[in-house]
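What the coordinates show
Listed below, chain by chain, are the residues.
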Amino acid sequence: MEEKKFRVESDLLGELQVPADALYGVQTQRGINNYKISSNHMCDFPDYVISIAYVKLAAILANNELGVINDEVTKAVAQACREVIDGKWHENFPLDMMQGGAGTSVNMNANEVLANRALEIMGYERGDYQHCWPNDHLNCGQSTNDVYPTTIRLTFIRLNKKLVESLQGLIAALRAKGDEFKDVIKMGRTQLQDAVPMTSGQEFHAFANNLEEEVANLERNVNLLFEINMGGTAIGTGLNAVPGFTELCTKKLAEETGLPFTVADDLVEATPDTGAYVSYSGALKRLAVKLSKTCNDLRLMASGPRCGLHEINLPPKAPGSSIMPGKVNPVIPEVVNQVCFKVIGNDTTVSFAAEAGQLQLNVMEPVITESIIESQTWLKNAMDTLVRECINGITVNREHLMEMVKNSIGIVTALNPIIGYKNSTKVAKQALEENRSVYDIVLEKGLMSKEELDNALDPKNMLVQRKFVVK
């Protein structure tokens, strides 16, 4: 087995061995050594790596146009950035998502990878930093404290687009079921008790409409992320950035990404501010709450098959028990429920991390980043799975639903405007106590003629508003 080769690099803390074939350098290696916390790494999330490459590309282009960095270095760094944006070299971003340092390790990881790749492009060896330095060139006019928040904002924006696409796919699948079941009559329920008739189509359309609101809510909150603080450097004062860098870097980032980034009104305020993350995480939580409620309803409607509601059938996906033969569980809605619980918990983490900011910086942004990326990724995967493995295959038990409507005491509600609430209550009570139908008791008491009763209790007539006069 060939012996692994290393090169030696140094920083403030001294010398350290770095794998000879790595594009990253000493500060990334320290991050690798220091943070062995989670099982998630930056390279596991391509949008995260691509986002920091876009930020570094905007910075090098701005610095070149402002006369700070020469054309040769700029051309090489820009090529390196575009290669990362195109999906190359991502394995050189191995840092744990959970880390201290407010994201410094992430910023330096990018600086080192891009500097070393630029050196190769210019014909130099990796680590020969006198020609392209991770700090002096790649971090010129910048600090972790403006690079990192800008990077994660772009990451959240990119992932939000994918999340919304999956959400819209789920909405479309629910609408398709609503159309398919539009003429299937069933009993609606309030507080798990029989209420009044509706159609299964109305129910699935309601699921879709309920989630449709979340598309707009996500878009409203993601818009808060377009305000960035590039050029604020360490605390927002702009120290070590040349005049015009803030505006030009922001313009370059907008041009390269095609996104409407703007400069924050107050860079000192913007540097420690995490309010946009709190709002956006809240939108993810709201989606998770609604999605979980929908899955609760699907599991309840599919309960049975003999001793539950048995209104719908979910596609069977796995044997449901190691001891009970024939049992099939609603495993897909169950896993989506659990994803939603995780998202709700992540939102609590984001809230605590945002509150923990102190003075001119919030050092807890890494856990905010990890939590929001996880929520976005898990929600997207969960919704895709729900559509593919569950929603598309749902069937309805039409005859069983109609029998429940006919036998329900809840249909007496339709008689309120005709025979009055008091009489309706008496009929309902008698039907319940004697285990008889509402229909027979109303005729027996002479409260309505058979023709009037047939018309009033026709389930189709109970699905729409009708004219009546209170006597």
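Once that is clear, we can look at the overall build of the protein. The helix and strand inventory of the protein stands at 16 helices and eight strands. Computed over C-alpha atoms, the radius of gyration of the protein comes to 31 Å, more than 25% over the 23 Å expected from 2.2 N^0.38 for 471 residues, which places it beyond the range of a compact globule. Counting only C-alpha atoms, the protein reaches 100 × 55 × 35 Å along its principal axes. Among the 471 residues that make up the protein, the fraction classed as buried is 49%.

This brings us to the environment of valine 367. Along the chain, valine 367 turns up in helix α11 (residues 365-389). If near-sequence neighbours (up to four positions away) are discounted, valine 367 is found in contact with Met98, Thr349 and Ala353.

Another aspect to go through is the state of the cysteines. Enumeration over the complete set of coordinates arrives at zero disulfides. Left unpaired, cysteine 43 is separated from the closest cysteine sulfur, that of cysteine 81, by 18 Å. A relative accessible area of 27% means that cysteine 43 is categorised as partly exposed.

Below, the discussion takes up a negative patch on the surface. On the surface, a cluster of negative charge is contributed by Glu227, Asp265, Asp266, Glu269 and Asp273. Take aspartate 266: it is sitting in the loop between β6 (262-263) and α8 (267-270). By relative accessible area, aspartate 266 is classed as partly exposed at 40%.

We now examine the pairing of strand β2 (residues 14-19). Direction of pairing for strand β1 (residues 6-11) relative to β2: antiparallel, over a ladder of six bridges. Its bridge partner lying in β2, serine 10 is registered against glutamate 15. Linking β1 to β2, which pair antiparallel, is a turn of two residues.

Take the packing of aromatic side chains next. Counting across every chain of the model gives five aromatic pairs. With a centroid separation of 5.9 Å and an interplanar angle of 85°, the aromatic rings of phenylalanine 156 and tyrosine 277 are classed as edge-to-face. Within this pair, whereas phenylalanine 156 is found in helix α5 (residues 144-180), its partner tyrosine 277 is found in helix α9 (residues 275-301), the two being separated by 121 residues in sequence. Grouping residues by exposure puts phenylalanine 156 and tyrosine 277 together as buried. Ring plane angle 65° and centroid distance 5.6 Å describe the contact between phenylalanine 226 and phenylalanine 261, whose orientation is recorded as edge-to-face.

Attention shifts here to a nonpolar patch on the surface. A cluster of nonpolar side chains, namely Leu66, Val68 and Val242, defines an oily patch on the protein surface of about 180 Å² accessible area. Looking at the element boundaries, valine 68 is found in the loop between α2 (46-65) and α3 (71-85). On the accessibility criterion, valine 68 (34% relative accessible area) is partly exposed.

This part covers the side chain of glutamate 374. Mapped onto the elements, glutamate 374 comes out in helix α11. For glutamate 374, a relative accessible area of 9% gives the class buried. Reaching out from glutamate 374, the side chain makes a polar contact with the side chain of lysine 342 at a distance of 2.6 Å.

This part covers the packing of α5 against α9. Direction vectors running N to C along α5 and α9 enclose 20°, while the axes themselves pass 12 Å from each other. Viewed along their axes, α5 and α9 adopt a mutual orientation that is roughly parallel. For α5 against α9, the interelement crossing comes out left-handed. In this structure, α5 uses Pro149, Ile152, Arg153, Phe156, Asn160, Leu163, Leu167 and Leu170 to contact α9, whose residues at the interface are Ala276, Tyr277, Tyr280, Leu284, Leu287 and Leu291. The residue inventory of the contact of α5 with α9, partitioned by class, reads twelve nonpolar, one polar and one charged.

Each value, and the rule that gives it
- Residues numbered from 1 in each chain as written.
- Predicted model: local features only at pLDDT ≥ 70, side-chain atom pairs only at ≥ 80, totals over all residues.
- Heavy atoms only, no water.
- Helix = DSSP H or I, 4+ residues; strand = E, 2+ residues; numbered from the N terminus.
- Rg over C-alpha atoms; globule rule 2.2 N^0.38 Å.
- Buried < 20%, exposed > 50% of the residue type's maximum accessible area, 1.4 Å probe, protein only.
- Contact = heavy atoms within 4.5 Å.
- Disulfide = S-S within 2.5 Å.
- Patch = residues over 30% accessible without salt bridge, like charges linked within 9 Å, V, L, I, M, F, W, Y side chains within 5 Å.
- Areas by Shrake-Rupley, 256 points an atom, 1.4 Å probe, with all protein chains shown as cover.
- Salt bridge = Lys/Arg side-chain N within 4 Å of Asp/Glu carboxyl O.
- Lys, Arg positive; Asp, Glu negative; His and termini not counted.
- Charge placed at Lys NZ, Arg CZ, Asp CG, Glu CD.
- Pairing = 2+ DSSP bridges.
- Phe/Tyr/Trp six-rings, centres within 6.5 Å; stacked < 30°, edge-to-face > 60°.
- Polar contact = N/O pair within 3.5 Å; in protein donor to acceptor, adjacent residues only side chain to side chain.
- Axes fitted to C-alpha atoms, helices over the stretch in contact; angles between N-to-C directions.
- Parallel < 35°, antiparallel > 145°, perpendicular 65-115°, else oblique.
- Left-handed = near helix turned anticlockwise from the far one by under 90°.
- Nonpolar A, V, L, I, M, F, W, Y, C, P; charged D, E, K, R; others polar.

Function cannot be inferred from these measures alone, as they are strictly geometric.
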